[in-house]
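Coordinate analysis (summary)
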Amino acid sequence: MSSKEIVNNRERLLVLAACLLITFCMGTVHAFSTLIQNIEMQTNVGRMASSLVYSTALINVTLAVYVGHILYRKFSPQVLIFFIAILPIIGLLISNSESWIGWIIGYGIFFGFSSGLGYGLSLYIVSSVTENEKLGFALGLVTASYAFGAVIFSMLYPFLFDHLGFKDGYICGLLILSSIVFIGLVLFSTSRVKLIQESSTSQQKDFNEVKILKLWLGYFLGVFAGLMIIGHAVPMISSFGGSTSTSITAITLMTLGSGIAGIYAGWLVDRFGCKRPLLTILLINTGAILALSIMTNISLLLILLVLIASLYGAVIAIYPTLVSHIVGSNLSSAVYGRVFTAWGTAGLISPSLAGWLFEKNNNYDASIIFTLSISIVAILIIWTMKYSIKD
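Rules used in this analysis
- Residues numbered from 1 in each chain as written.
- Predicted model: local features only at pLDDT ≥ 70, side-chain atom pairs only at ≥ 80, totals over all residues.
- Heavy atoms only, no water.
- Helix = DSSP H or I, 4+ residues; strand = E, 2+ residues; numbered from the N terminus.
- Rg over C-alpha atoms; globule rule 2.2 N^0.38 Å.
- Buried < 20%, exposed > 50% of the residue type's maximum accessible area, 1.4 Å probe, protein only.
- Core = buried A, V, L, I, M, F, W, Y, C linked by side-chain atoms within 4.5 Å.
- Contact = heavy atoms within 4.5 Å.
- Polar contact = N/O pair within 3.5 Å; in protein donor to acceptor, adjacent residues only side chain to side chain.
- Salt bridge = Lys/Arg side-chain N within 4 Å of Asp/Glu carboxyl O.
- Disulfide = S-S within 2.5 Å.
- Phe/Tyr/Trp six-rings, centres within 6.5 Å; stacked < 30°, edge-to-face > 60°.
- Arc of directions from axis to C-beta.

1. Regarding the overall build of the protein
When its secondary structure is counted, the protein shows 15 helices and zero strands. Against the 2.2 N^0.38 benchmark of 21 Å for 391 residues, the protein shows a C-alpha radius of gyration of 20 Å, consistent with a compact globule. Along the three orthogonal principal directions, the C-alpha set of the protein runs to about 60 × 50 × 35 Å. Across the 391 residues that make up the protein, the buried fraction comes to 54%.

As structure tokens, then:
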């Protein structure tokens, strides 16, 4: 008997609320753009060195999701949620050294790993207690909450810095998010849900490596454009004469669009399965990138940036359900941990490659054309993927 069969609706709602609070807080690791200039002034380093703090965080987010299925078997959700709340505070004590290496360890390693652990654990818990016909929407909510955390804290951090200064404002921000995670811990404990382990390491030999490779490539290529656009939205807007306020508005709308699209994509998945919505999203994404390559108007640029970022949010919301459908719920957490490394790889390569191509050509034309070709290949991979829903 699975956890889904013995959990009632009240318990599901408590568990879902707990996971939404956790992912909301852990998504704040992606509000890094509001910290970067203050980190540079505090540590006296340049943009490349400060950017490595976030790159380190991305690596550790990916690592935590990758090894998550091992931790889920060894420790109870309550213990893991406790560590999710505590690790950013430990990282804060280290980053308070006001050195670059302190930020690398405190933010990049401790906060980054906590963020990935919170995201992966929430997906695992919600998948374990949600009925199959509502799984897409539930996982879409979890992914959207992760995005909304970045939006809210991108606005909260500047407010705290203005009133408390950078150091005290950052301390206050982390204490807030840690407290919210503890509220999530209370909600989960109140639900009294006991997750039943249905998979073991011995089952990993049953993985179809070719199928997993297709899932990996589809994810890598499917999020490539979104990560490039998100990473370079501000300089792209600036190259068209856009103001700082325009850039801030665009980034906010892009992140909001990503979260909202994730919820809607989850709803579509529950009605049409994963493959048709995902193909439709990738087709629209390809059309948007093509339009981006020929447009000359800043208003159209802003619309396309928000659209591509929203489609990116839809892809990352669909993928946990896609993996669960294809490999079955017993193996989904372990397989998704492997597939998720595609997101981390794309997150490191895509923005850097776009920056290198910009320096070579002094424009984004080559980056956009390359991304267009990548998106077309993503469509072909998903198109040829055999899709059936396993229990």
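2. Overview of the nonpolar core
In terms of nonpolar packing, the biggest core is built from 99 residues, with Y107, Y170, Y219, Y319 and W343 touching the most fellow members. In terms of residue count, helix α6 (residues 100-129) provides more of this core than any other element does, twelve residues in total. Each residue touching W343, except ones within four places of it in the same chain, is listed here: H30, L58, V61, T62, Y219, V223, L227, Y312 and I316. Core analysis: the second largest hydrophobic core is formed by 21 residues, M254, I289, A309 and A354 among them.

3. Some thoughts on the environment of I229
Following the sequence through the fold, I229 ends up in helix α9 (residues 209-239). Distance from I229 to P351, taken between C-alpha atoms, is 8.0 Å for residues 122 residues apart in sequence. With near-sequence residues (within four places) excluded, I229 lies in contact with M236, M254, L292, L305 and I308.

4. Considerations on the environment of A378
Inspection of the secondary structure puts A378 in helix α15 (residues 365-384). Among the residues examined, A378 registers a relative accessible area of 0% and is labelled buried. Between the alpha carbons of A378 and L283 there is a distance of 9.5 Å; along the sequence they are 95 residues apart. If near-sequence neighbours (up to four positions away) are discounted, A378 is found in contact with L221, G222 and L282.

5. Some remarks on the side chain of T341
Locating T341 in the fold gives a position in helix α14 (residues 341-361). Polar side-chain contacts of T341 include one of 2.8 Å to the side chain of W216. Among residues more than four places away in sequence, those in contact with T341 are T62, Y66 and W216.

6. Re the pattern of salt bridges
For the structure shown, the criterion picks out two salt bridges. As a salt-bridge pair, K167 and E98 come within 3.3 Å of each other at their nearest N and O atoms. Placement of K167 in helix α8 (residues 166-191) and of E98 in the loop between α5 (77-95) and α6 is noted, with a sequence separation of 69 residues between them. Ionic pairing is found between E131 and K134, a salt bridge with its closest N-O pair at 3.8 Å. Residue class for E131 comes out partly exposed when judged on its relative accessible area of 27%.

7. What to know about unusual backbone geometry
Non-glycine residue N44 carries a positive phi angle of around 60 degrees. Looking at the secondary structure, you find N44 in the loop between α3 (36-43) and α4 (47-74). Using a relative accessible area of 71% as the deciding quantity, one classes N44 as exposed.

8. Describing the state of the cysteines
Summed over the entire model, instances satisfying the criterion amount to zero disulfides. Unpaired in this structure, C274 has its nearest cysteine sulfur neighbour in C19, at a distance of 19 Å.

9. Quick look at the packing of aromatic side chains
By the definition in use, this model includes 26 aromatic pairs. Between the aromatic rings of Y119 and F340, the centroid separation amounts to 5.7 Å while the plane-to-plane angle is 40 degrees, which identifies the pairing as tilted. Taken together, the residues span a long stretch of sequence, with Y119 in helix α6 and F340 in the loop between α13 (332-339) and α14 at a distance of 221 residues. You can call F340 buried: its relative accessible area is 3%. Among the aromatic side chains, those forming a connected cluster through ring pairs are F24, F32, Y54, W103, Y107, F111, F153, Y157, F161, F166 and Y170.

10. Details of α3
Restricting attention to buried positions, one finds in α3 the residues I36, I39, E40 and T43. Taken down its axis, α3 places every buried residue within 100 degrees of arc, on the same side. Turned more than 90 degrees away from the buried face of α3 sit Q37 and M41, all of them exposed.

11. Side note on the side chain of S350
Tracing the backbone through its elements, the reader meets S350 in helix α14. In terms of polar contacts, S350 uses its side chain to reach the backbone carbonyl oxygen of F224, at 2.9 Å. Not counting the four nearest positions on each side in its chain, S350 is found in contact with F224, L227 and M228.

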